[in-house]
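# A closer look at the structure
Spelled out, the chains give:
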Amino acid sequence: MAQGEGDALARSDLQPALLAGYRDLTTLRYDFPLVLIRAGSDGQSVQSLSALFDGALKEIAANGDGERTRKHAGRLEREIRKLIAEGATGTLSKLCDLGAARIGAKNDELLQESLSGLRAALKSDGEVIDCDKAMPFRLFQHAWQALQDQKAQKFRAEINKLIMKLSDILSADFGHSKEGMSAERLQASIGSAHRDTFDFAAMSRMLTAASVNVPMPESRRQRVRGLLATLRTQRFFPPATESDKWIGVAEPYPFVFETCSEAVAAYRERLPKMTELAKAMAIAKLETEGEYSEARHDTFFAGFGENGLDADDIAAFPDYLICLRAADFRAAESDLILRAFVAGMPAKLVVQTDDLLEQSPIRDDYLFAGLRSRQLASSAIGFGASYVLQSSSSGLFQLREQVLRGLAYRGPALFSIFSGANASSLPPYLMAAAAAESRAFPAFTYDPSAGPDWASRFSLYANSQVDLDWPLQRLDYEDAEHQLVSETVAFTLVDFAACDPRCAKYFAKVPRAKWTDDLLPVSEFLTREAKDFTEKVPCLLMVDRDNRLQKVIVNDTLVREARRCVEAWRSLQELGGVHNSHAARLVEQERKVWAEQSRPAPVSEDKPTSAAIAAPAVPAAAAAPVAAEATPERSSDEPYIETARCTSCNECTQINDKMFGYDANKQASIINPDAGTYRQLVEAAENCQISIIHPGKPRNPNEPGLDELMKRAEPFL
Ligand code: SF4
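Residue indices follow the written sequence of each chain, beginning from 1 at its first position. The model is predicted, so local features are restricted to residues of pLDDT at least 70 and side-chain atom pairs to those at 80 or more, both for listing and for counting; the totals for chains, interfaces and linings are taken over all residues. The side-chain values count all of the structure's non-hydrogen atoms but skip hydrogen atoms and water molecules.

Turning our attention to the sheet that holds strand β3 (residues 34-36). If you walk across this open sheet you meet the three strands as β4-β3-β5, and the pairing is antiparallel. Bordering the open sheet on either side are β4 (46-48) and β5 (127-129), each of which pairs with just one other strand. Mean inter-strand twist for the sheet, computed between neighbouring axes without regard to direction, equals 30 degrees. In the sheet, β3 pairs with β4 via three bridges, with the strands oriented antiparallel. Residue pairing in the sheet places L36 in a bridge with V46 of β4. Note: two strands are recorded as paired if DSSP finds a minimum of 2 bridges between them. Starting at the N terminus, helices and strands are each numbered in turn, a helix being any DSSP run of H or I of at least four residues and a strand any DSSP run of E of at least two. An axis is simply a line fitted to the C-alpha atoms; with a helix, the fit covers only the stretch in contact. Between two such axes, the angle follows the N-to-C directions and lies from 0 to 180 degrees.

As structure tokens, then:
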């Protein structure tokens, strides 16, 4: 069948077969919804609803009757998911009440009893959020706030201690002054109960005469008063309570922004105040410890902060959180924030991309680019000192520790998030997960504080099956004869595109009567050059609303986009140390050197070799069996793999896992050369990055295309 023969998908009521099991998310237990808990920054400030329920049930089970409660808790959890999907909002306790009412707890004593046990065991509460368009900003603001609260607590404790000690210094000075020892002052300080008992005038004369009055130098008094004014009027951290508020002090500064320009301008404007406060705290510490020396410290502090604050000083202040959407992100803003990053502004920038589909500037086509966020992430990584995290919103809970690490990072941090909330009819969670699985929006972290090199800093670990082009999943379905069929299918960019109705024009449904061998799974098509399959048409397995299997063919534009996507993914893999071409080249060079060195050296009849001089003479007959044991004789007709050198990259096992298999060390060998074709052996040899597969000679003389295949096999014999 040729492309163009199918029925165009006017409206996509189909979805990739691999997503068939996820149609109703309210029936599934997964990371979402999340509960935002104001508990701290230890990773517990964000919890998944399921994990909270599981924790509570574990506690209940430890105390006895758990089974009934488990069933009832399951009903409540499902109901809360439904409520959230219908748009309900609020705290966990509120949603528990709503859910309990909907499942009829009022009229069921046992249910009521189970749920009150569950509520008692649920120790945490907080706002419940689903994986929707608003979620990423809510999550980041919550996590950022938890960290800032901790920072504020520490900072306030420090400031309050300094204020108290500085005030004591002034009080002591005043207490020793004439005014401080006046009769009125003494009377006021002693309280009304004993006022008539004392002669305060006599006491004042006595104290004044006895005191060795060494007044505080005026310069010190002024300095201490100045420090107190600076500390009391700071606006970087809010007071802990209303009663801690100093009269006349302006409102605290805001630190959450919607544009980079506002955040950068605020930072610039506040920098002198920040320097002044850091300086005041440093001087106050010396003052309160009695170590401030005007001769030594005046000159030093006169130039304080001229070359910028040091990292410890900056880290004590709040970070600037900027949350913006990629669609609103102008080039000038991007340029500005990158320069601010380089200059050391402690900004945490969250860029949310809602749509990866972009109009091609040169054709009436779409590109799956997400270009703005991609460019920003590569520039921030290129700068080297920024923390960078990229993830779909569906993966944020799994990456919560990395999120907190980035927010707590001493320096700029960029979080590039794909929300999945676009034109698709699928829930944002599914779209976000599909973008991650299909490598359209892979997850990675770059943490400059993790070590000096790429291996320690860059990680792709959050992606599934990171060493493959696309993750493989098992697909079970019933064929036309109602037989159960099991297939291993890759989830590619084409699957992701098939979730988006705007891409319906790239697909055409194939009537069942035309399901011929010409239709090749698109993942297979994508692993080879198109010229290898001139007679084949790439197709995708999809399901309709009734879960009936359908095949759709895919047009060239999408195939091209998918190839581009996998190329970008392979570059990321290299950065993450997966299939690294430099490493592979090095291994190859080492292999050649090793082969060269293993070759027996030509022996000169006149001159003994250095080895012959150094080693005792060994009879040739005795050496031969050892050599034969180490390197078994192989016929070049037999296919084999140099198993000891296998890097477990899966290339060969993906081609045919009956023919190629792993041993206990996860190193490949040929387990059954007759389980596939000679073509597969040759293709595996070509795909093996370190060229350790030797395809031997064809085993089936009737296999088509043998002449061409044997030519291709020659370099590997
Ligand atoms: S034999 Fe080659 S292709 Fe197969 S897993 Fe090992 S390194 Fe990869």
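After that view, the rundown keeps rolling.
Here the focus is the nonpolar core. What is meant by a nonpolar core is a set of buried Ala, Val, Leu, Ile, Met, Phe, Trp, Tyr and Cys residues, joined one to another through side-chain atoms within 4.5 Å. Buried means the residue's accessible area, taken with a 1.4 Å probe over protein chains only, is under 20% of the maximum for its type, while exposed means over 50%, and partly exposed covers the values in between. One finds L231, I337, L349, F496 and F507 to be the most contacted residues of the largest nonpolar core, which totals 140 residues. Looking at which element gives the most residues to this core, the answer is helix α5 (residues 135-175), with 15 residues. Every residue pair with non-hydrogen atoms within 4.5 Å of one another is taken to be in contact. Leave out the neighbours within four places in its chain, and F496 touches L356, F368, F418, M431, A434, A435, S438, A440 and F491. Counting residues in each nonpolar core, the second largest holds 25 residues, with F53, I60, I84 and L95 among its members.

Next up on the list: the pattern of salt bridges. Here a salt bridge means any side-chain nitrogen of Lys or Arg lying within 4 Å of a carboxyl oxygen belonging to Asp or Glu. Under the criterion given, the structure shown has 38 salt bridges. One salt bridge connects R223 with E287, and the closest N-O pair in it is separated by 2.7 Å. Remark: E287 occurs in helix α9 (residues 260-288) and R223 occurs in helix α8 (residues 218-232); sequence separation between them is 64 residues. Taken individually, R223 and E287 each receive the classification buried, so the pair is uniform in this respect. One network of salt bridges, with partners in common, ties together R29, D54, E77 and R81.

The next point concerns the site of the ligand. By convention in these notes, a residue is near a molecule or strand provided one of its non-hydrogen atoms lies within 4 Å of it. Contacts to the ligand come from 13 residues, most closely from C646, T647, C649, C652 and C688. Charged residues are taken to be Asp, Glu, Lys and Arg, nonpolar residues to be Ala, Val, Leu, Ile, Met, Phe, Trp, Tyr, Cys and Pro, and polar residues to be all remaining types, Gly included. Classifying every residue of the shell around the ligand by side-chain character gives nine nonpolar, three polar and one charged.

Right, let's talk about the packing of aromatic side chains for a bit. Any Phe, Tyr or Trp ring, taking Trp's six-membered ring, that has another such ring centre within 6.5 Å forms a pair; planes under 30 degrees apart are called stacked, those over 60 apart edge-to-face, and the others tilted. Scanning the entire structure with this criterion turns up 20 aromatic pairs. With a centroid separation of 4.4 Å and 35 degrees between ring planes, the pair formed by F155 and F237 is classed as tilted. Placement of F155 in helix α5 and of F237 in the loop between α8 and β6 (256-257) is noted, with a sequence separation of 82 residues between them. Residue F155 is classed as buried on the basis of its relative accessible area, which comes to 6%. Three or more aromatic residues link up through ring pairs in this structure, and these residues are F155, F236, F237, Y253 and F317. Counting as a charge over the ring demands two things of the Lys NZ or Arg CZ atom: a distance within 6 Å of the ring centre and an angle within 35 degrees of the ring normal. Sitting above the plane of the F255 ring, R270 keeps its charged end 4.9 Å from the centroid.

Looking at any residue, its pLDDT shows the predictor's confidence there, from 0 to 100. Of all residues in the chain, 85% attain a pLDDT of 70 or more, and the chain-wide mean is 84. Note on residues 2-6: pLDDT is under 50 here. Beyond four places in sequence and across chains, it has 14 contacts. Counting interchain partners and residues more than four positions distant, the pLDDT-below-50 stretch residues 605-631 has one contact.

Another point: helix α25 (residues 706-713). At 3.6 residues per turn, the α-helix brings residues three or four places apart onto the same side. For α25, the complete set of buried residues consists of L706, L709 and A713. For α25, the buried positions fall inside an angular range of 60 degrees around the axis, keeping them on one side. α25 presents D707 and K711 as exposed residues on the side facing more than 90 degrees away from its buried surface. Relevant arc is that of directions from the helix axis to the C-beta atoms, nothing else.

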